[in-house]
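Remarks on the overall topology
These are the residues of each chain, in order.
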Amino acid sequence: MNPILLIDFGSTNTKVTAVDLDEEQLLGTAASDTTVKTDIGEGLEKAMAILEEQTGHLTYTARYGCSSAAGGLKMIASGLVPELTAEAARQAALGAGAKVMKVYSYELTEEDIEEIGQMKPDIFLLTGGTDGGNKDNILQNARMLAEMEETFPILIAGNRTVRRKCQKILEEAGKTASICENVMPRLGELNVEPAQTQIRELFLRQIIKAKGLSKASELISGIMMPTPGAVLKAMELLSKGTAHTKGLGDLVAIDVGGATTDVYSMSQGTPERANTVLKGLPEPFAKRTVEGDIGMRYSALGIVEAVGRESLCSLAELSESELMRLLKEITENPDRRPTTEELKRLDFALAAMAVKVGMTRHAGKVELTYTPMGETFVQAGKDLRQVERMVITGGSLIHTDKVRQIASYGLYNPAEPEGLKPRQVEVLVDKAYILSAMGLLGEYEPDIALNIMKKELISHGTAK
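Our subject in this report is the structure included herewith. (Residues numbered from 1 in each chain as written. Predicted model: local features only at pLDDT ≥ 70, side-chain atom pairs only at ≥ 80, totals over all residues. Heavy atoms only, no water.)

Attention shifts here to the pattern of salt bridges. Counted under the stated rule, the structure contains 21 salt bridges. Note that Lys240 is salt-bridged to Glu236, the shortest N-O span being 3.0 Å. Taken together, the residues Lys240 and Glu236, both in helix 8 (residues 227–240) and four residues apart, mark about one turn of the helix. Judged by relative accessible area, Lys240 falls into the partly exposed class, the value being 48%. Look at Glu236 and you get partly exposed, because its relative accessible area is 27%. Here Arg389 and Glu426 are joined by a salt bridge, their closest N and O atoms 3.5 Å apart. Taken together, the residues Arg389 in strand 17 (residues 389–393) and Glu426 in strand 18 (residues 425–429) connect sequence positions 37 residues apart. The exposure class of Arg389 is partly exposed, given its relative accessible area of 24%. (Salt bridge = Lys/Arg side-chain N within 4 Å of Asp/Glu carboxyl O. Helix = DSSP H or I, 4+ residues; strand = E, 2+ residues; numbered from the N terminus. Buried < 20%, exposed > 50% of the residue type's maximum accessible area, 1.4 Å probe, protein only.)

A word on a negative patch on the surface. Taken together, the side chains of Glu110, Glu111, Glu114 and Glu147 define an acidic patch exposed on the protein surface. Looking at where Glu110 falls in the secondary structure, it is placed in helix 3 (residues 110–119). (Patch = residues over 30% accessible without salt bridge, like charges linked within 9 Å, V, L, I, M, F, W, Y side chains within 5 Å. Areas by Shrake-Rupley, 256 points an atom, 1.4 Å probe, with all protein chains shown as cover. Lys, Arg positive; Asp, Glu negative; His and termini not counted. Charge placed at Lys NZ, Arg CZ, Asp CG, Glu CD.)

Turning our attention to the side chain of Lys287. Structurally, Lys287 is set in strand 14 (residues 286–291). A polar atom in the side chain of Lys287 sits 2.7 Å from the side chain of Glu283. (Polar contact = N/O pair within 3.5 Å; in protein donor to acceptor, adjacent residues only side chain to side chain.)

What follows is about the sheet that holds strand 14. Spatially, the six strands line up as an open sheet ordered 14-12-11-17-18-19, and their pairing is mixed. Each edge of the sheet is formed by a strand with only one pairing partner; in this case those strands are strand 14 and strand 19 (458–463). Each strand axis lies, on average, 20° off the axis of its neighbour in the sheet, ignoring direction. Alignment of strand 11 (residues 251–256) against strand 17, held across four bridges, turns out to be parallel. Within strand 17, the residue paired with Ile254 across the bridge is Ile392. (Pairing = 2+ DSSP bridges. Axes fitted to C-alpha atoms, helices over the stretch in contact; angles between N-to-C directions.)

Looking now at the sheet that holds strand 9 (residues 177–179). Taking strand neighbours across the sheet as the criterion, the five strands line up as 6-5-7-8-9 in an open arrangement whose pairing is parallel. At either margin of the open sheet sits one strand with a lone partner, and together these are strand 6 (99–105) and strand 9. Neighbouring strand axes in the sheet, compared pairwise and without regard to direction, differ in orientation by 20° on average. The strands that helix 4 (residues 136–146) touches are strand 5 (74–79), strand 7 (123–126) and strand 8 (154–156); relative to strand 7, the one it contacts most, it runs at about 155°. Running over the sheet, helix 5 (residues 163–172) touches strand 7, strand 8 and strand 9 and is turned about 170° from strand 9. (Contact = heavy atoms within 4.5 Å.)

So, on to the nonpolar core. Within the largest apolar cluster, 44 residues are counted, with the highest numbers of intra-cluster contacts made by Leu346, Leu350 and Ile392. In terms of residue count, helix 12 (residues 341–362) provides more of this core than any other element does, 12 residues in total. The residues contacting Leu346, other than those within four sequence positions of it, are Ala316, Leu318, Leu323, Leu326, Leu327 and Ile330. Core analysis: the second largest hydrophobic core is formed by 37 residues, Ile4, Ala62, Met235 and Leu428 among them. (Core = buried A, V, L, I, M, F, W, Y, C linked by side-chain atoms within 4.5 Å.)

As a further point, take the environment of Ser314. Inspection of the secondary structure puts Ser314 in helix 10 (residues 309–316). Expressed as a C-alpha distance, the spacing of Ser314 and Thr393, which sit 79 residues apart in the sequence, is 25 Å.

The full count for this structure, using the stated rule, is three aromatic pairs. Between Tyr64 and Tyr444, the aromatic rings sit 3.7 Å apart at their centres with planes inclined by 10°, giving stacked as the arrangement. In this pair, Tyr64 sits in strand 4 (residues 63–67) while Tyr444 sits in the loop between helix 15 (435–442) and helix 16 (446–456), placing the two residues 380 residues apart along the sequence. In this structure Tyr64 comes out as buried when scored by relative accessible area, which is 12%. When its relative accessible area of 30% is taken as the criterion, Tyr444 is described as partly exposed. (Phe/Tyr/Trp six-rings, centres within 6.5 Å; stacked < 30°, edge-to-face > 60°.)

One way to say it: the disulfide is the covalent bond shared by the sulfur atoms of two cysteines. With the rule as written, the count across this model stands at zero disulfides. As a non-bridged cysteine, Cys180 has Cys166 as the owner of its nearest cysteine sulfur, 12 Å distant. Its relative accessible area of 7% is what places Cys180 among the buried residues. (Disulfide = S-S within 2.5 Å.)

This part covers the pairing of strand 2 (residues 13–20). A large share of strand 2 lies buried, amounting to seven of its eight residues. Judged from the seven bridges that link them, strand 1 (residues 3–9) and strand 2 form a sheet pairing that is antiparallel. In the strand pairing of strand 2, Leu5 is matched with Ala18. What sits between the antiparallel neighbours strand 1 and strand 2 is a turn of three residues. Where strand 2 hands over to strand 3 (residues 25–33), the hairpin turn is made up of four residues, of which Glu24 adopts a positive phi near 55°.

As far as function goes, none of this settles anything; it's purely spatial.
So this is what it looks like as structure tokens:
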């Protein structure tokens, strides 16, 4: 036996997963409350004690970890044009596993600077201008950030002509500033991987210490990354496979949490129709979006705002007064479990609408237009209609007996033909809650991580 331990220091729970590399199998999983406000090792010890009841005492050859504790990795970005460099900056931050608090376009104002100071990001991503293009915007924004009293690492990933000058402006003001390749070196060309690599390095070098997670890094033997970044890596591995092991092909994944809903797609998302014109930046194959206003507990009211009370009342079979009473109850007591029939119906409705809203916002859209050459379709974002698999994770989804019905709300609706969501999918459930662990393992043993995911992701049939 060759056991290793995979640790996820979550915002609420610390989850531990034991894996035997020799047998390529899951040995056990366990969780306990995260104790970042006291000593993060306490929560880990409790989780380990629970795990040991399943596995017996094990001597681990390695320990790898990820974290979303203390709010996870919070970022703000700025760029020039909203649809171009600002969007490229947003994609870079999301792909690195960050929670993007806001993206600014054009020149930062004094009001923007005050707002940034109040939001207190962990990292600020400063972009703007293609290489050799606009210089003034990113230089002005560097000057504005230099005047701030608040301090946080600033990563400069804009016009290469003035990157060093921006760094000098910031460092002379006492700021921590580093540079990397432009997120959009040429018009319409995404180059987000270098920025994502440096964001992770900043997370390891500075953010872990700032969040009181230094003890966590001492408890592991390898790298530490943001939890959403680990999940994204797991999804990409599951989709693409390795040189030795075949992946599952294009897929989407949905993680509905108490506060946010994360959606992932592994697909080029190219148009089905020949007479389609693409609008906006090219989409990355591995894409992540986060709906910060959509969640099962803390953000339950965001679902109400997105779909309306009538839709939720109908789906949950509740009156409006019952709906609002229960929503007040769960938002004030986010640990409340669905123990009554009415709460179970409400949870089903909230999960279904979270999946619907999350997938609708994540997938591309198409509209019909007329040109002198005849009918033309204009597509923004990915066309996911041919994707055939959906991976489901998150406590509200993996513990329900209606997962296939909930998943169906994230599919293509003929009544809304502009939305490019999958037509039908095989639903795979992360019942053991191991995706972040497999993303970690995939950094070291990708074939083993892929084989374990294939064994552990449970098919719940086809949703259509």
